[in-house]
Amino acid sequence: MKLINKPRWAISENDVTPETVYKQRRDILKKLGITLATLPVASQVPAGIFDIFSDKKASSPAPDKRVILNATKPQQYQTPLSLTPEDKVLKYNNFYEFGTDKASPAELASNFITDPWKVEVAGLVNSPITLDYDDLFKKFTLEERIYRLRCVEAWSMNVPWIGFPLADLIKLASPKSDAKYVAFETLYDPKQMPGQASRRLGGGIDFPYVEGLRLDEAMNPLTLVAVGLYGKNLAPQNGAPLRLVVPWKYGFKSIKSIVKIHLTDKQPPTTWNQLAASEYGFYANVNPQVDHPRWSQASERFIGEGSLFSSRRQPTTMFNGYQEEVASLYKGMDLRKNY
């Protein structure tokens, strides 16, 4: 069947090796003459890559209690991407509030309470608003959008998110003319989020987690407030009940479990930039020409079926493939300086 109006980001991922390769990974390592001792030291590779070699068996998360969501499916976002299996999206997460290991969020967030919930939209707005849990699903038209997700650690996923444009939410609050940025804040609740209670478990982050966008980035049609994925509401480990999804930026910009959205006239602080400014800039646009200080961003490991050996290695594309939609936002900017 001929594809009509194929989006630029709809690059096909094919030739996935069967999952049996993963089960034979030790034999493959031996045949390749590779041992863990010969691999690069951790400081030279993206965080999380060694968990693929681990024999640790993560405990199974609680049964899925999510509910099916009704969402429209705009044609321009129904791209023919090879989706990352739902099971991996649910179990392979960066959410330091629940630990730094990829499996920890699914294990430690299973009893996280997301209803009731309040999210405040305030700051330089004419009509401050506070939404509750039900408002997230009733006040907006929910859409399913298949987006690429690119992590700064040089791995990627393709995910069918469900949500609504952030612009729709901001418009409800009526921004003032001097508003230039949007600041976001994650829930702070150390009793529910063990990573917030322990600097060791939480990776040394000074919580609560904060993020920010320029107002024009926030109002871009691609910027999504996600409330679900794979046809259901978000699981706790994926940022329930609402998270940001900015598909042309590295994943750490997509802040999870949001409770505050404030418009401001000053560039807001962001968590990873505060923690390591030389490694994580405010903009965090996916850019294959600007490496992380400790690893290349020129290519990425797509997480699909199988393991490290069967995952398809592919080149990184500028703005994660969304150049046509967002490049104009940065016209005239030095994207090496404003990384």
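Anything mentioned here points back to the structure above.
Structural notes, computed from the coordinates. All values reported here derive from a predicted model rather than from experimental measurement.

**Description of the overall build of the chain**
Along the backbone of the chain there are 10 helices and 12 strands. Of the contacts formed within the chain by residues at least 6 apart in sequence, a portion of 74% connects residues at least 24 apart.

**Re the nonpolar core**
W161, L166, L169, F184 and W248 are the most contacted members of the largest nonpolar core, which totals 85 residues. The element that contributes the greatest number of residues to this core is strand 4 (residues 155-165), accounting for six residues. In this view, L166 contacts F184, L213, A218, T223, L224, V225 and L244; residues no more than four positions away in its chain are not counted.

**Quick look at the pairing of strand 6 (residues 210-214)**
Here strand 6 lies mainly inside the structure; five of its five residues are buried. Neither face of strand 6 is open: one carries V210, G212 and R214, the other E211 and L213, and all of them are buried. Pairing between strand 5 (residues 181-186) and strand 6: five bridges, direction antiparallel. Bridge pairing links Y181 to R214 in strand 6.

**What about the layout of surface pockets?**
The volume enclosed by the second largest pocket comes to roughly 550 Å³. N94, F95, C151, F252 and K256 are the residues nearest the centre of the second largest pocket, which is lined by 34 residues in total. The element contributing the most residues to the lining of the second largest pocket is strand 4, with four residues. Among the residues making up the lining of the second largest pocket, the classes are represented as 21 nonpolar, seven polar and six charged.

What counts as what
Residues numbered from 1 in each chain as written. Predicted model: local features only at pLDDT ≥ 70, side-chain atom pairs only at ≥ 80, totals over all residues. Heavy atoms only, no water. Helix = DSSP H or I, 4+ residues; strand = E, 2+ residues; numbered from the N terminus. Contact = heavy atoms within 4.5 Å. Core = buried A, V, L, I, M, F, W, Y, C linked by side-chain atoms within 4.5 Å. Buried < 20%, exposed > 50% of the residue type's maximum accessible area, 1.4 Å probe, protein only. Pairing = 2+ DSSP bridges. 1 Å grid on protein atoms, 1.4 Å probe; cavity = no way out; pocket = protein on both sides within 12 Å on 5 of 7 lines; lining within 4 Å. Points joined across faces, edges and corners; volume = space filled by probe spheres on them. Nonpolar A, V, L, I, M, F, W, Y, C, P; charged D, E, K, R; others polar.

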